[in-house]
There are 2 protein chains.
Amino acid sequence: MTQTLIQKILSVSAIAALTVGTVNAAEIIHDAEQGILQAQYGDKWAKQDVGVQAKLDALYKKTGKRPNIIHIMWDDNSYGEVGVKAFNKIRGFDTPNLNTMADDGITFTRMYTEPSCTPTRAAALTGRLAVRSGMYTVAFPPEGGGLPAEEVTIAEILSEAGYNTAFFAKAHQGDIEESYMHNQGFDEATFSLYNQFPPMFWHEQGEGSGLTIGYTKNGTEKKYLVDETWRPYGYVMDVTGKKGEKARETLPPSLENYRKSSIKHQELALDYIRRKANDKKPFYMAYWPNVYDLIADPKEPVTTSNGSLFAQNIERLDRYIGEIVAEVKKQGIEENTLIVAMADNGPMAEVPSAMYQNVFNGGKGSYKEGGIRVAAFAQWPGMIEKDQIVGDMITVHDLFTTFAKLGNATKHIPTDRIIDGIDQTAVFLEGDGNSRRDYYHVYTGPVHAATIKQQFKRVWLGGRPGLVKNDFYNLYLDPREMRGMMAQMLWAWGPFDMMKKRHDAMNKKYPFIPTRHGVPFEGIENLTPQTLIYQKTVRDTMNTGK
Amino acid sequence: MTQTLIQKILSVSAIAALTVGTVNAAEIIHDAEQGILQAQYGDKWAKQDVGVQAKLDALYKKTGKRPNIIHIMWDDNSYGEVGVKAFNKIRGFDTPNLNTMADDGITFTRMYTEPSCTPTRAAALTGRLAVRSGMYTVAFPPEGGGLPAEEVTIAEILSEAGYNTAFFAKAHQGDIEESYMHNQGFDEATFSLYNQFPPMFWHEQGEGSGLTIGYTKNGTEKKYLVDETWRPYGYVMDVTGKKGEKARETLPPSLENYRKSSIKHQELALDYIRRKANDKKPFYMAYWPNVYDLIADPKEPVTTSNGSLFAQNIERLDRYIGEIVAEVKKQGIEENTLIVAMADNGPMAEVPSAMYQNVFNGGKGSYKEGGIRVAAFAQWPGMIEKDQIVGDMITVHDLFTTFAKLGNATKHIPTDRIIDGIDQTAVFLEGDGNSRRDYYHVYTGPVHAATIKQQFKRVWLGGRPGLVKNDFYNLYLDPREMRGMMAQMLWAWGPFDMMKKRHDAMNKKYPFIPTRHGVPFEGIENLTPQTLIYQKTVRDTMNTGK
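Since this is a predicted model, take the numbers as computed values, not measurements.

Caption draft 1: Focus on the packing of aromatic side chains. For the coordinates displayed, the defined rule picks out 53 aromatic pairs over all chains. Each ring, one from Y79 of chain A and one from F87 of chain B, has its centre 6.3 Å from the other, and the planes form 65 degrees; the classification is edge-to-face. With Y79 of chain A in the loop between β1 (68-74) and α3 (85-91) and F87 of chain B in helix α3 (residues 85-91), this pair bridges two chains. Side by side, Y79 of chain A and F87 of chain B carry an identical accessibility label, which is buried. Among the aromatic side chains, those forming a connected cluster through ring pairs are F167, Y180, F186, F191, Y284, W288 and F403 of chain A. The ring of W493 of chain A has R458 of chain A sitting right over it, with the charged end atom 4.9 Å from the ring centre. One cation-aromatic arrangement involves K500 of chain B over W460 of chain B; the distance from NZ or CZ to the ring centre is 5.4 Å.

Here is the structure:
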C-alpha cells in the first residue's frame, strides 16, 4: 500500500466518504461499506471513469443518442443451467440463444439478486435493497399494497434524461394504483400485478392435479359454505396503461388467458423494439417474461429430453430471447443496444420435478448462494467484448446505477436516500476485475440474513452469540455452503461485525419505508363485477386500519 | 419400428446376441444388456463401422502407423470444475489447458467411472467391471494383493498389435509381483503401488497437522509399545521396471520423495513422447499423475484465489497436461495422437477444504452420480471435431475396447470372459448421439449398488421389497439424486428387474475372480531392510492362510 493511499484512508471517515468519483454522482448516498472502498479507490475509479465516459461519448457521437437498454429478467433458475452447453446436456434441454449470448458477451458468475421475485424486481427498479422500500415480501391476492410512489425508479430517471421507457410482463410490484408500472415512470406498460401462480394453478384443472388445494369450491360442502367472498376470486391478472392515464385490465385471470398474455407480452416487446428503433430518443425496455407454464397443455407435447414442462418453458424462454436479439439486429441497432438477460433468483423447489439446486445450495427465498446468485449475461457488440467470463461481484441493484450512467442520467438519481446500486459501467466496458463492490448485505424478507465480503460469507440468521458452528463460509472452497466454518475464520469475526455496525448505523440514519398498503385495483377503468366485490372486501379491511 | 427390426428383435435371444457387429469383434462376450442393443442396432452399427474404419485406415495410410494413444487420468475431481470457464471462476482457480482441450475436442458430460481409484484403474486396464477381477477395494499397505496375472490389459493387447507401451505415475493396482505394470503388458513403467495418502500424510508433519493420527510413534508411551512391526513402516512407494525384468524401488516413501516422484513422472511422460514420437511403432501411454499434495510446502505459497492446496494441485495438473499437449504438438504427432484426459472418480470429501460436491451429489466411494460421473475430454486434431459437447453415456471400461479398435487390436481381446467395455470409436469420430450403450451397472466394492438405463437410475443398495421410497431417479430432472421417486416410475420397476436378472445370469455363467492375495514386493531387487521386515510380517500372514 502506498503512503498516499494510507494517508487517504486515514483522512476519510468511512461513512462520510459515501460518494462516487464522478462529478454528477458526487451527491449519491451509498451504503457505508462503499465509503471504505471509495477511500481506497476513489482516485483510480475517477481516472478510469474518464476513459469509460470517452467510450460512451464516442458512441453517442456516432449514433446521436444514448444507448438503448433492454433488461430481460425471468423467474427462478438454477445457476449454470442456461448459457453453459455442458450443463444443458446434463439437464436434458437446450438453450442455444442464451449460449450464443454467452459467447457474444459477458457471462457473469457472481451476479447477486434478492432471494425472490418481488424484492429483486423492486431492487432493479429502485437501485435499493428491497427492504428499504418495504418491498420484501412476495405477495398474493389479496395484497392491497405495492411499490410506494416516492420510490424513484430507473424508468423515471431515464425518462428525465430523454428516454422512451416501456415495461412488459411480470411486474409483481403490487396491486395499488401508485405501484403500477405506468405510474412508476414507464411511458407504457402491460404487466401482471402478481406472480404466475394464481392464473397458472388456481382453477379446476390445477385443483384436479393437486397443484392447488381448496381454491375452487368443489371440495366444500355447499350447505356449510357461508362466506362467498373469502377466497380471492376477483383479482386482476394483467393490465395495460400509459403514463398519466388510467389502466385497463387486458385479460381476466384464467389459464388460457395467462398463456395468451405470455405470448402477447413477447409480441409487445418485439413490437416496441420495431417502433422505437429509429426514434430520435433512445429506449429503455424492461421485459420480465412470465413464461412458466407448469400445467400440461395437451396441444403442446413436451419435446425436451428432460421431459418436464419446466424444461419446455426454459426452451420457450430461450426462443423468446433469441427473437428479441434477432429483432435488435434486424433493426440495425445492435451496436447501440445493451441487452442484459438474467434470472431473478434461484429455483423454486416447491414445484415438483421442475427445478433443482445445481452448483449452489438453497433456492428461492434463501440467503444461500442458490437463492441469490443467478444466471446473467450481457451483450453489446462493439462495447462489450465477446466471450468473457466475469467473476466480479455485481448485484441487481447495480443495474440501476449503471443504466443511469449509460443514459447520462446519473444526475437524476435522488440524493436524499441510500442507493445500494453502484455504477458498474467499468465492468461492462472494461471487463473482469473492474467491480467497484466486494460486499453484499443479504436480506430475506425484512431480516438481515447474511453479509458477503469478497469470497467470505457470514450468516447472521440463526447465528447465536459465542463460538457456534455454521456461521462462516468460504465460497471458493465451499460454494454449496455445506461446511460452515468457525475456527478457521475467527479472523473474520471482527471485520464482519464492523460491517454490520456500519450498515446498521446507515439504516438508522436513513430508515426503511414501511410496506405500503392501500386499496387494490384503483385506477383501473374496466373492473369486472367480481373484482368490484373483491375490491370492496379489501377496501373494508384497509379502512378498518390494517 | 420397422417390420424388419421387429423380426430381428424377436429372432434373437438377448443373452445369445452378445457380440458386436464387426468381424474382428465377433467373439467378444459383452454383458447381457448389450445383446438387447445389438439386436436392435447391430446392422446399423456394422454399417457405421465401415465408415469409421475407413477414417482410421485413411490416417494409417497417411502416417504409416496406427494412432498414438495418451490416456491421462487424475484423482478425485467434481464434475464441472475443470474445462468449464464459468465454473473455474466459481471455484477460484484456473485450468486454461483443460479449457483449451475442451475447446479443441470433446467434452463428455456422461463419462462414468467406478467409484474409486483402484476399481477405475482396473476397469481402464481390463475393460471389465472391477468386481470381475476382484479389484473392487481401495487398498493401503499392508495389502498383499493386486491385479491378477490372468487379466488381459489394454497394454498387452496393444503390445500384441505392435505398440510401444508405457505407464507412468499412479497405478494403485496392488503390491504383488504379478500386479506390477511392467508385468501387466507395459514395456516400461514407473509407478506407485498405493495411493497418495501414505507418503503425503503418514509422517511427523502430517501427524502434527492432524491429517494422520497414530502412524508415528510420538503419541505412544514407549514403555507400553511392544509390537514394533504392526504399523506399516516398510511399504514401497514407487518402483520402476521393464517388461520381463525385475523392478527397482526408485524413491523410498517420504513427503519429499513423493513430491520428487510427481515431478519425475511428468518428466518421464514428456521424455517418453520425445523418445517414441518418431519410432516406427505407435505408442500407448497411460499417465495417471499423483499430483495432489495437500501438506503445505513453505517453499510454494498458494497463489490461487481459492487459497487451498487442492486448487494449487489442480492448477499444477492443468499445467502438466498443457505440457503434454505442447510436447505432442512440438513433436509434430498431434494429428496421429488421441489424448483422453479425465478424472478417475468424484471428489474425496474426507480431505478438509479440498473438494466439494458440485453439480452432482456424492463423492468418491459413492454410487451416486457425484462418485462416478467425471470430467473427461478428448482431442485428436483432424479426427475429432472441435468444440463438441457429447452427452452420450460412455464408461471408463469402453476406453479399453475403443483403444483396441483404434490400435487395430480388437482381435487380441480375450473371448473367454465378459468384457464390459463397448467399442465407442463412433462417438469419438462421429460425435454426439453415437453411443452404443445406454446402461451401466454400478458397483461399490463387491456390491451391485445401482443400475442406470438412459436417464433413469434404480438404486439396489438399501432397496427393500415393496413400495419403498428413494429407489428411482430421473437424472435429467434431478441430477443431484435428492428426490427419490417411486410412484412416478413404477413403469420402470419391471424393466430394471429384468436388467438385473440378465446381468446376474451372465455373472453366474462367468463368475467373478476372487480378490488375489500374495506376498508384497516380490520381484523388487533393492528392498530396504525396513521393507524386508515388513514383507516378512505380511508373508507370515499370507502363509497362515488369509
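Caption draft 2: Geometry of the pattern of salt bridges. Residues and elements named next belong to chain B. One pass over the structure, following the stated rule, counts 84 salt bridges over all chains. For E256, the salt bridge goes to K260, with nearest N and O atoms at 3.9 Å. In this pair, E256 and K260 are both assigned in helix α9 (residues 255-276), four residues apart and thus about one turn of the helix distant. On the basis of relative accessibility, which here comes to 53%, the residue E256 falls in the exposed class. Notably, a salt bridge pairs D293 with R259, separated by 2.6 Å at the nearest N-O pair.

Caption draft 3: Spotlight on unusual backbone geometry. The omega torsion across P141 of chain A and P142 of chain A is -5 degrees, close enough to zero to call that bond cis. Looking at the element boundaries, P142 of chain A is found in the loop between α5 (117-126) and α6 (154-160). The phi dihedral of E481 of chain A is positive, around 55 degrees, even though this residue is not glycine. Within the secondary structure layout, E481 of chain A lies in the loop between β15 (472-474) and α14 (493-509). Of note in this structure, D387 of chain B is not a glycine but carries a positive phi near 50 degrees. With relative accessibility at 43%, the residue D387 of chain B sits in the partly exposed group.

Caption draft 4: Focus on the interface of chain B and chain A. Each partner contributes to the interface: chain B provides 38 residues, whereas chain A provides 37 residues. Overall, the association of chain B and chain A removes approximately 3100 Å² of surface from exposure, summing both partners, and the carbon and sulfur fraction of that is 61%. Its largest share of buried area at the contact with chain A, chain B owes to K89, I90 and Y476 of chain B, together 22% of the area lost on that side. Across the contact surface, chain B and chain A share four salt bridges. In this structure, K85 of chain B engages D387 of chain A in a salt bridge whose closest nitrogen and oxygen atoms are separated by 3.6 Å. At the junction of chain B with chain A, the criterion picks out seven residue pairs in polar contact (both at pLDDT 80 or more). Top element by residues in the side of chain B that touches chain A is α3 of chain B. It accounts for six residues. Of the residues assigned to the side of chain B that touches chain A, the class counts are 17 nonpolar, 12 polar and nine charged.

Caption draft 5: Quick look at the relation of the copies chain B and chain A. Relative to chain A, chain B is turned by 180 degrees and slid 0.0 Å along the rotation axis, the superposed coordinates differing by an RMSD of 0.0 Å. Here the copies are linked by what is in effect a two-fold axis. For chain B, the smallest separation between a C-alpha atom and the rotation axis is recorded for V359 of chain B, amounting to 2.4 Å. A share of 97% of the interface residues of chain B reappears at the interface of chain A, consistent with the copies meeting face to face through the same patch.

Caption draft 6: Quick peek at the sheet that holds strand β12 (residues 439-444) of chain B. All names here are of chain B. Spatial strand order, β12-β13-β14-β15: four strands in an open sheet with antiparallel pairing. In the strand order of this sheet, the two ends are held by β12 and β15 (472-474), each with one partner. The sheet shows a mean angle of 20 degrees between the axes of neighbouring strands, direction not considered. Two elements, strand β13 (residues 447-453) and strand β14 (residues 456-459), share four bridges in a ladder whose sense is antiparallel. Paired with T451 across the bridge in β14 is R458.

Conventions and cut-offs
- Think of each chain on its own: its residues are numbered from 1, step by step along the sequence as written.
- Working convention: letters from A go to chains and numbers from 1 go to ligands, in the order in which they are written.
- Only residues with pLDDT of at least 70 are given local features in this predicted model, and only at 80 or more are side-chain atom pairs given and counted; all residues enter the totals for whole chains, interfaces and linings.
- Only hydrogens and water are set aside; all other atoms, that is, all heavy atoms of the structure, feed into the side-chain values.
- Pairing of aromatic rings covers Phe, Tyr and Trp, the last through its six-membered ring, and needs centres within 6.5 Å; plane angles under 30 degrees mean stacked, over 60 mean edge-to-face, and all others mean tilted.
- Here a helix means four or more residues in a row that DSSP labels H or I, a strand means two or more in a row labelled E, and each is numbered from the N terminus.
- Working definition: with a 1.4 Å probe on protein chains only, accessible area under 20% of the residue-type maximum means buried, over 50% means exposed, and in between means partly exposed.
- Geometrically, a charge over a ring is one whose NZ (Lys) or CZ (Arg) sits within 6 Å of the ring centre while staying within 35 degrees of the ring normal.
- A pairing counts as a salt bridge when a side-chain nitrogen of Lys or Arg comes within 4 Å of a carboxyl oxygen of Asp or Glu.
- Working rule for contacts: check all heavy atoms of both residues, and any pair within 4.5 Å makes them a contact.
- When two components associate, each loses some accessible surface as probed by a 1.4 Å sphere; the sum of these losses over both components is called the buried area.
- A 3.5 Å cut-off defines polar contacts: any pair of N or O atoms within that distance qualifies, except that in protein one atom must be a possible hydrogen donor and the other a possible acceptor, and neighbouring residues in sequence count only when both atoms are side-chain atoms.
- Gly counts as polar in this scheme, as do all residues outside two lists: the nonpolar Ala, Val, Leu, Ile, Met, Phe, Trp, Tyr, Cys and Pro, and the charged Asp, Glu, Lys and Arg.
- Here the copies are superposed with least squares, the fitted atoms being C-alpha atoms of residues at a pLDDT of at least 70 in both.
- Pairs of strands are assigned from DSSP output, requiring at least two bridges between the strands.
- The angle between two axes is taken between their N-to-C directions and runs from 0 to 180 degrees, where each axis is a line fitted to C-alpha atoms and a helix contributes only its stretch in contact.

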